[in-house]
Amino acid sequence: MLRKLLIAGPLVIGLVACGSTGRPESGGTITVWDYYGSSTPIKPVLAAFAKVRPDIKVDYQAYDYDTLQQKFATAVGGGTAPDVVTLDMTWIPAYAAKKMLADLPDGAGTGFGEGARDAMRFGDRYVTALYDFDAYALYYRKDLIKIPPKTWSELEIAAKSLKKGKVQVLPDTFHFAQFLFQAGGDILADGKAAFHGPQGVKALTALRSLLKKGGVYWGEDQGDPSGIAGIKDGRIAMFLNGPYMMGVLKEGAPEQKGKWAVAPAPIDARPGSYLGGTGLSIPVTSRHQEAAWTFIEFLLRPEQQVKVFTVAGAAPATEAALKDPALAAPDPYFGGQVTFPIFQQALAGARHYPYVKQWSEIDRAIQDGVTTALRDRKTPQQALTDAAKEVDDLLAD
């Protein structure tokens, strides 16, 4: 699948990019931090890994998403970081720019599509292995909407026609970026903000119009950004989100089985989505980098990658796993629809966030600008122009 050395059998690989001897470590214990929670696909495969490499013990530690993010940078700085960690792909730019992540082998991108490989690199080096991907499609109540919208204008018309439920509109960079990319815009260009140009204004104007004509604002004060509460009580009948929401729907709204369907996201000038997901990374301070990479290689085998879907309900990232029959099976929750190819289609045109050390602060500045426009406190042009000034100041540091 991913590496030629995996085809013949047990893992035999060294982390050359991290200065290894070229031989797998013998013995020892690696520590793994995982934010997946109760539906993790990692913990269930530890026994299988132990059979393949009984000389490498795994100290598995589960954290919730927010706690892991809060602990990680401090742990790297203090020399107490784990050997393998699950990281949100939106965190990778800042961590990589600050040199917190070890280099992975030059061949670490083997077995991934072009978009995934691009997201895994910082400059000319691989710093993470994409474990699951996130790219957006349209979820809609097929009992309320017979024909899914294909364009922004059709989406607005469909939203306006709904008599039950509305379109979820989230004031975040994820959804703004999708509209921005579809309009042909960029977040940054030539080291400066670019999201405030004509394409960005068009994107934010479209989002605000959608909210006014048939949307339900779902900000941070609503709590869970998945919107499952609004889905369950009928406030939300359409939303844009990634493949992990298939699992959220099944677990959170089982009574709505058969009512939902998935379609490609409505577009403007072109298809487009932000590319996110979960990366498997090795902190630069890890003392067992060869063994850590051996474990990551194991998690990327087809039979383990498929568990990202069958156990966690998320989207495996490797090309071999994406071809597994389990992902092409009709889904009873979605009325027998084969849903997964729609997200694969979204992945083909998805783009990751810019890899700059200030990304966390830039993300917040964009989100604040989007929020002010959606709340009618500023025009889309003024909100994005103000956010761009803040971003340019950040990039100048």
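Residues numbered from 1 in each chain as written. Predicted model: local features only at pLDDT ≥ 70, side-chain atom pairs only at ≥ 80, totals over all residues. Heavy atoms only, no water.

Bringing the sheet that holds strand E13 (residues 260–263) into the picture now. Spatially, E11-E8-E12-E7-E13 is the arrangement adopted by the 5 strands of the open sheet, whose pairing is mixed. This sheet does not close on itself; its edge strands, each paired only once, are strand E11 (215–217) and E13. Shown here is a sheet whose adjacent strand axes are inclined to one another by a mean of 30°, direction ignored. Pairing of strand E8 (residues 166–169) with E11 involves 3 bridges; the strand directions are parallel. Bridge pairing in E11 links Val 167 to Gly 215. (Pairing = 2+ DSSP bridges. Helix = DSSP H or I, 4+ residues; strand = E, 2+ residues; numbered from the N terminus. Axes fitted to C-alpha atoms, helices over the stretch in contact; angles between N-to-C directions.)

What follows deals with helix H8 (residues 198–214). For H8, which comprises 17 residues, the first-to-last C-alpha distance of 24 Å matches the rise-based estimate of 24 Å (1.5 Å per residue) to within 8%. Taken together, the buried positions of H8 are Gly 200, Val 201, Ala 203, Leu 204, Ala 206, Leu 207, Arg 208, Ser 209, Leu 210, Leu 211 and Gly 214. Of the surrounding secondary structure, the elements contacted by the buried residues of H8 are helix H6 (152–161), E8, helix H7 (173–182), E11, helix H15 (359–374) and helix H16 (380–396). (Expected span 1.5 Å × (residues − 1). Buried < 20%, exposed > 50% of the residue type's maximum accessible area, 1.4 Å probe, protein only. Contact = heavy atoms within 4.5 Å.)

Looking now at the sheet that holds strand E16 (residues 315–316). Whenever strands of a sheet pair, they do so through backbone hydrogen bonds, lying parallel or antiparallel. Read from one edge of the open sheet, 6 strands run E2-E1-E3-E15-E6-E16, paired in mixed fashion. The sheet terminates laterally at strand E2 (57–62) and E16, the two strands that pair on one side only. Contacting strand E1 (29–34) and strand E3 (84–88), helix H3 (residues 65–78) runs over the sheet at an angle of about 120° to E3. Contacts from helix H14 (residues 340–348) reach strand E6 (129–134) and E16, with the element oriented near 115° to E6.

This part covers the nonpolar core. Ranked by internal contacts, the top residues of the largest apolar core, which has 84 residues, are Leu 87, Phe 133, Tyr 139, Ile 231, Leu 249 and Phe 295. Each residue touching Ile 231, except ones within four places of it in the same chain, is listed here: Ser 226, Ile 236, Phe 239, Met 245, Leu 249, Ala 253, Gln 256 and Trp 260. Residues Phe 176, Ala 365, Leu 384 and Ala 387 belong to the second largest nonpolar core, which totals 52 residues. (Core = buried A, V, L, I, M, F, W, Y, C linked by side-chain atoms within 4.5 Å.)

This paragraph deals with the layout of surface pockets. By volume, the largest pocket amounts to about 1800 Å³. The wall of the largest pocket is formed by 49 residues, among which Tyr 65, Asp 88, Phe 174, Pro 225 and Tyr 244 lie closest to the centre. Elements with a minimum of two residues in the lining of the largest pocket: H3, E6, H7, helix H10 (245–252), strand E15 (276–281) and H15. For the lining of the largest pocket, a count of residues per class yields 19 nonpolar, 18 polar and 12 charged. (1 Å grid on protein atoms, 1.4 Å probe; cavity = no way out; pocket = protein on both sides within 12 Å on 5 of 7 lines; lining within 4 Å. Points joined across faces, edges and corners; volume = space filled by probe spheres on them. Nonpolar A, V, L, I, M, F, W, Y, C, P; charged D, E, K, R; others polar.)

Here we come to empty space enclosed by the protein. In this structure the tally under the stated criterion is 2 cavities of 30 Å³ or more. Size it by volume and the largest cavity reaches roughly 60 Å³. If you go around the largest cavity, the residues you meet are Leu 138, Leu 155, Val 167, Gln 168, Val 169, Leu 170, His 175, Phe 179, Leu 207, Leu 210 and Leu 240. Among the elements of the structure, E8, H7 and H8 are those that each provide at least two residues to the lining of the largest cavity. The element best represented in the lining of the largest cavity is E8, accounting for 3 residues. Tallied by class, residues from the lining of the largest cavity come to 9 nonpolar, 2 polar and no charged. Size it by volume and the second largest cavity reaches roughly 50 Å³. Classifying every residue of the lining of the second largest cavity by side-chain character gives 5 nonpolar, 3 polar and no charged.

Any two aromatic rings considered together are summarised by their centre-to-centre distance and by the angle between their planes. Following the criterion strictly, the structure yields 25 aromatic pairs and no others. Feature note: the residues Phe 133, Tyr 139, Phe 239, Trp 260, Phe 309, Tyr 333, Phe 334, Phe 340 and Phe 343 constitute an aromatic cluster, connected by ring pairs. The ring of Phe 181 carries Arg 351 above its face, with NZ or CZ at 4.2 Å from the centroid. Residue placement shows Arg 375 over the ring face of Tyr 217; its charged tip is 3.8 Å from the ring centre. (Phe/Tyr/Trp six-rings, centres within 6.5 Å; stacked < 30°, edge-to-face > 60°. Lys NZ or Arg CZ within 6 Å of the ring centre and 35° of its normal.)

The angle between the axes and the distance between the axes are what describe a pair of packed helices. Contact pair H6 / H8: the axes reach a minimum separation of 8 Å and the direction vectors enclose 15°. One way to sum up the angle between H6 and H8 is to call them roughly parallel. Regarding H6 and H8, the two cross each other, and that crossing is right-handed. Contact residues: H6 offers Trp 152, Leu 155, Glu 156, Ala 159 and Lys 160, while H8 offers Lys 202, Ala 203, Ala 206, Ser 209, Leu 210, Lys 213 and Gly 214. Class assignment for the residues of the contact of H6 with H8 results in 6 nonpolar, 2 polar and 4 charged. (Parallel < 35°, antiparallel > 145°, perpendicular 65-115°, else oblique. Left-handed = near helix turned anticlockwise from the far one by under 90°.)

Mapped onto the secondary structure, Arg 53 falls in the loop between helix H2 (46–52) and E2. On the basis of relative accessible area, Arg 53 is assigned to the buried category, the value being 8%. One polar contact links Arg 53 to Asp 55, side chain to side chain, over a distance of 2.9 Å. (Polar contact = N/O pair within 3.5 Å; in protein donor to acceptor, adjacent residues only side chain to side chain.)

Here the focus is the pairing of E8. Consecutive side chains of a regular strand alternate in pointing toward one face of the sheet and then the other. Relative to strand E12 (residues 236–241), E8 runs parallel, the two sharing 2 bridges. Note on E12: the bridge partner recorded for Val 167 is Met 238.

The next point concerns the packing of H7 against H8. In contact at an axis separation of 8 Å, H7 and H8 are set at 125° when each is read in the N-to-C sense. Considered as vectors, H7 and H8 are oriented oblique to each other. Crossing handedness for the pair H7 and H8: right-handed. Listed contacts from H8 to His 175, Phe 176, Phe 179 and Leu 180 of H7 are Gln 199, Gly 200, Ala 203, Leu 204, Ala 206 and Leu 207. Residue composition of the contact of H7 with H8, by class: 7 nonpolar, 3 polar and no charged.

Spatial relationships are all this shows, so hold off on functional conclusions.
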